[in-house]
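A structural walkthrough
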Amino acid sequence: MSDYLLDVKQINKRFGGLHAVRDVNLQVRRGEIVGILGPNGAGKTTLFNLLTGFIPPDEGTVNFQGRSIRGLKPHKIVNLGVARTFQLCRPFVGMSVIENVLVGSLGPRVSDVDLGARAMHLLSEVGLAEKADTPSELLSYGDLRRLEIARALATDPELLLLDEPFAGLGSAEIESISALIRKLHAEKNLTILLIEHKLREFMQLVSRVVALDFGEVIAEGVPAEIVSHPRVIEAYIGKQTPEALA
Amino acid sequence: MAALGSLDKLSSTAGLVSLCLLAVLPVLVGGSYLVGVLTVAAIYGIWAVSWDFMSGLTGRENFGHSLFIGVGAYAAGFLNVQMGLGPWWSLPASMVLASFFGLLLGFPTLRLKGPYFALAMLSAAVIMQRLMLIFWEYTGGEEGIQDITPLIKNHLHYYWFVLCVLGLTTWLFAWLARSRWGLILRAIKGDEATCMAAGLPITTYKIISLIISAAFAGLGGALYAHYQLQVSPQLFAVVTSITIITMVYVGGIGTIFGPVGGALLLTLMTEGLRNFGEWRLMIYSVLLILILFYLPNGVVAPIWKKIRAMLTSSVQGTGAQRPTDKATGEA
């Protein structure tokens, strides 16, 4: 038994000749908000797919709450309490907003009798209550993100994995999604692991950062350490000075 | 709660009224010919609604529905003629055997992505048709199995029985489609990865849905066998599956009620065009092309939607004085 909620050791994934994730170690304590930072193609989303069972790892261990979840099917991992969102929002086309959330609550983790009221409550938490009956394909990009988060929350997770929650959003929307993540973390006692490369909001949100490049962990620490870490600057920001990041 | 509600009363009532009208139609108009046409139409209705439940809701199109129909029909013929069992055994036996084939085929094929499920089902139906010829000692080969005992001797009574089965089948599928099960199937049509991220074992849901769909296709097959009083390998023909799929599209895919209407409409249209002699097939095909081209959501379901909207608005106009009724109706 480790005292980490999520404990990943020496995980590897190769796609043909490409070593997409190389010997990655990652520990997340209960109640943390951990960020995964890295340029495009660094292996962030692949890492998420390995953790959530969408892609099987070649080597390594993945433990959640002290038990191995490596090699489990995605739905089994979700039902142990690990929920995820997708980088490209994937609503159920042809279904209303509330129906999208309801689908998330039909797994075995949720025993609530009044699923409709529960879904409505989740929608009001993410700020979509008045759009409950809107067809999901009519939502704006920011609202789709909120819907993704509500659907992930519907599975009643312990650990929430957010894949680039700010991608494609304007600064006002980034601010409000950021506030939403903070609120969920505080109110629901959620542990959150998120991928991002929008530096400013990201650094304000997370308590710890793991920086990836070419599938490898290149640095780990609190945001202040990461932004001044020479390898991060080299890999991610090029020649900019650390001051420009803060 | 709209999403996980019970069946809406208006649609159920309309369905029941249509069934009653269909039941009295041959009595009013008369003629044993019409009874025969309507019996076949009702059986096609069972096939179409069972197809729509699995394929219409999940979007995984089954091009081998005739396989389950043939299995059900042959189960009826074999038990009745070769084994000498009473005709009523055919109904449960056809459902059980067709479900078994649903499991057998669904298990490997529903893991396939893209068009491969459709192709695998199509091939399976073709293979079954060949197998009927190869095992001719049991299946009667080209000739099939003759002299099947009718379930009910009187043709009109048998038609009423088939109508009842159609009504119950449609009600069952409509209820399932409105339940959480139906919601999951529609979600699978939307996006499989998101379903997995929602914690749902999608392959299991798809396989069980195919089994249920197969059971009722088989039941329809047995009803057909006891109507024709013979079965032949032609039952497995791909054209049967295509006809059913066309009926579903004309009715309105994924709407459960719509495909039943589509089946009745197309069967009656085929018969109605008989007066046109050799032009019949051409007129039929042109009408079909026009429908599919200009009305991609089908004919029956969208028309019913419009009628329903009209009815609901008029009911709401008069229902203003009875707020209690409305409150309980929506609870």
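Residues numbered from 1 in each chain as written. Chains lettered and ligands numbered in written order. Predicted model: local features only at pLDDT ≥ 70, side-chain atom pairs only at ≥ 80, totals over all residues.

Some remarks on the overall build of chain A
Scanning chain A from terminus to terminus reveals 9 helices and 10 strands. For 246 residues, the compact-globule estimate of 2.2 N^0.38 gives 18 Å, and chain A sits close to it at 18 Å. When the backbone C-alpha atoms are referred to their principal axes, chain A occupies close to 50 × 40 × 35 Å. Scored against the burial criterion, the 246 residues of chain A give a buried share of 46%. (Helix = DSSP H or I, 4+ residues; strand = E, 2+ residues; numbered from the N terminus. Rg over C-alpha atoms; globule rule 2.2 N^0.38 Å. Buried ≥ 20, exposed ≤ 12 C-beta atoms within 10 Å, placed from the backbone.)

Structural notes on the overall build of chain B
Counting its secondary structure elements, chain B contains 15 helices and 0 strands. Its C-alpha atoms give chain B a radius of gyration of 20 Å, within 12% of the compact-globule value 20 Å for 331 residues. By principal-axis analysis of the C-alpha atoms, chain B measures approximately 70 × 55 × 40 Å. Each of the 331 residues in chain B was classed as buried or not, and the buried ones make up 46%. A separation threshold of at least 6 residues defines the contact pool for chain B, and within that pool the share at least 24 residues apart is 79%. (Contact = placed C-beta atoms within 7 Å.)

A word on the nonpolar core
Judged by nonpolar contacts, the single largest core of 165 residues is most densely connected at Ala150(A) and Ala48(B). Take this core: its biggest share by element is 15 residues, from helix H2 (residues 32–58) of chain B. (Core = buried A, V, L, I, M, F, W, Y, C linked by C-beta atoms within 7 Å.)

Some details on the sheet that holds strand S9 (residues 208–213) of chain A
All names here are of chain A. In space, the 6 strands of this open sheet follow the order S6-S7-S8-S3-S9-S10, with mixed pairing throughout. Where the open sheet ends on each side, the last strands, each with one partner, are strand S6 (82–84) and strand S10 (216–221). Strand-to-strand twist of the sheet, defined as the mean angle between neighbouring strand axes without regard to direction, takes the value 20 degrees. Pairing between strand S3 (residues 33–37) and strand S8 (residues 191–196): 5 bridges, direction parallel. What sits directly across from isoleucine 36, in S8, is isoleucine 195. (Pairing = 2+ DSSP bridges. Axes fitted to C-alpha atoms, helices over the stretch in contact; angles between N-to-C directions.)

What to know about the packing of H2(B) against helix H12 (residues 257–272) of chain B
All names here are of chain B. Following both chains from N to C, one finds H2 and H12 inclined at 140 degrees, their axes separated by 7 Å at the closest point. In terms of crossing hand, the pair formed by H2 and H12 is right-handed. Along its contact with H2, which presents Val37, Val40, Ala41, Tyr44, Gly45, Ala48, Val49, Asp52 and Gly56, the element H12 presents Pro259, Val260, Gly262, Ala263, Leu264, Thr267, Leu268 and Glu271. Here the contact of H2 with H12 is built from residues that sort into 11 nonpolar, 4 polar and 2 charged. (Left-handed = near helix turned anticlockwise from the far one by under 90°. Nonpolar A, V, L, I, M, F, W, Y, C, P; charged D, E, K, R; others polar.)

Points about unusual backbone geometry
Residue and element names in this part refer to chain A. Of note in the backbone geometry, glutamine 10 takes a positive phi value of approximately 50 degrees without being a glycine. Structurally, the position occupied by glutamine 10 is in strand S1 (residues 6–15). Since 12 C-beta atoms lie within 10 Å of it, glutamine 10 is described here as exposed. The backbone of glutamine 65 sits at a positive phi, close to 50 degrees, despite the residue not being glycine.

A word on the interface of chain B and chain A
In this complex, chain B contributes 19 residues to the contact, which on the side of chain A involves 24 residues. Counting only elements with at least two residues in the side of chain B that touches chain A, the list comes to helix H8 (180–190) and helix H9 (192–197) of chain B. With 6 residues, the top contributor of residues to the side of chain B that touches chain A is H8(B). A breakdown of the residues in the side of chain B that touches chain A according to their chemical character gives 13 nonpolar, 3 polar and 3 charged.

Some details on the pairing of strand S2 (residues 18–28) of chain A
Residue and element names in this part refer to chain A. Judged from the 7 bridges that link them, S1 and S2 form a sheet pairing that is antiparallel. In the sheet register, arginine 14 faces S2, and the bridge partner there is histidine 19. From the end of S1 to the start of S2, which pair antiparallel, there are 2 residues, and glycine 16 there has a positive phi angle of about 60 degrees.

Considering the confidence of the model for chain B
Detailed reading of the predicted coordinates is not advisable wherever pLDDT is low. Residues and elements named next belong to chain B. This prediction gives chain B a mean pLDDT of 88; 93% of its residues lie at or above 70. Across chain B, element-level confidence peaks in helix H10 (residues 202–228) with a mean pLDDT of 96 and bottoms out in helix H15 (residues 323–330) with 35. Reported for the predicted complex are a pTM of 0.87 and an ipTM of 0.85. (pLDDT = per-residue confidence, 0-100.)

Re the pairing of strand S7 (residues 159–163) of chain A
All names here are of chain A. With 5 of its 5 residues buried, S7 lies for the most part within the structure. Of the two faces of S7, both are covered, the one formed by Leu159, Leu161 and Asp163 as well as the one formed by Leu160 and Leu162. Bridge count between S6 and S7: 3 bridges; the pairing is parallel. Across the sheet, residue alanine 83 finds its bridge partner in S7, namely leucine 160. Note that S7 and S8 share 5 bridges and pair parallel. What sits directly across from leucine 162, in S8, is leucine 194. Following the backbone out of S7, through helix H6 (residues 171–188) and into the adjacent parallel S8, one traces a crossover that is right-handed. (Right-handed = clockwise from strand over helix to strand, strands pointing away.)

Side note on the environment of Val78(A)
Relative to the helices and strands, Val78(A) is located in helix H2 (residues 74–80). Spatially, the C-alpha atoms of Val78(A) and Ala152(A) are 9.1 Å apart, while their sequence positions differ by 74 residues. Val78(A) has contacts with Ala83(A), Gly107(A), Thr155(A), Ala197(B), Ala198(B) and Gly199(B), leaving out every residue within four places of it along the chain.

A few points about the environment of Trp88(B)
By the secondary structure assignment, Trp88(B) is in the loop between helix H3 (65–82) and helix H4 (90–109). Along the chain, Trp88(B) and Pro150(B) lie 62 residues apart, while their C-alpha atoms are 9.3 Å from each other.

A short note on the sheet that holds S2(A)
All names here are of chain A. With respect to topology, 4 strands assemble into an open sheet ordered S2-S1-S4-S5, the strand pairing being antiparallel. Of all the strands in the sheet, just S2 and strand S5 (67–68) have a single pairing partner and so form its edges. Packed on one face of the sheet, helix H1 (residues 44–51) meets S1, S2 and strand S4 (59–64) and runs near 65 degrees to S2.

Quick look at the packing of H4(B) against H10(B)
Residue and element names in this part refer to chain B. At a closest axis distance of 7 Å, the pairing of H4 and H10 adopts a crossing angle of 140 degrees. Crossing handedness for the pair H4 and H10: right-handed. The residue inventory of the contact of H4 with H10, partitioned by class, reads 16 nonpolar, 9 polar and 1 charged.

Topic: H1(A)
All names here are of chain A. Among the 8 residues in H1, 8 count as buried, and that is most of the element. For H1, the set of buried residues is Lys44, Thr45, Thr46, Leu47, Phe48, Asn49, Leu50 and Leu51. One or two residues past the end of H1 sits glycine 53, with phi positive at roughly 85 degrees.

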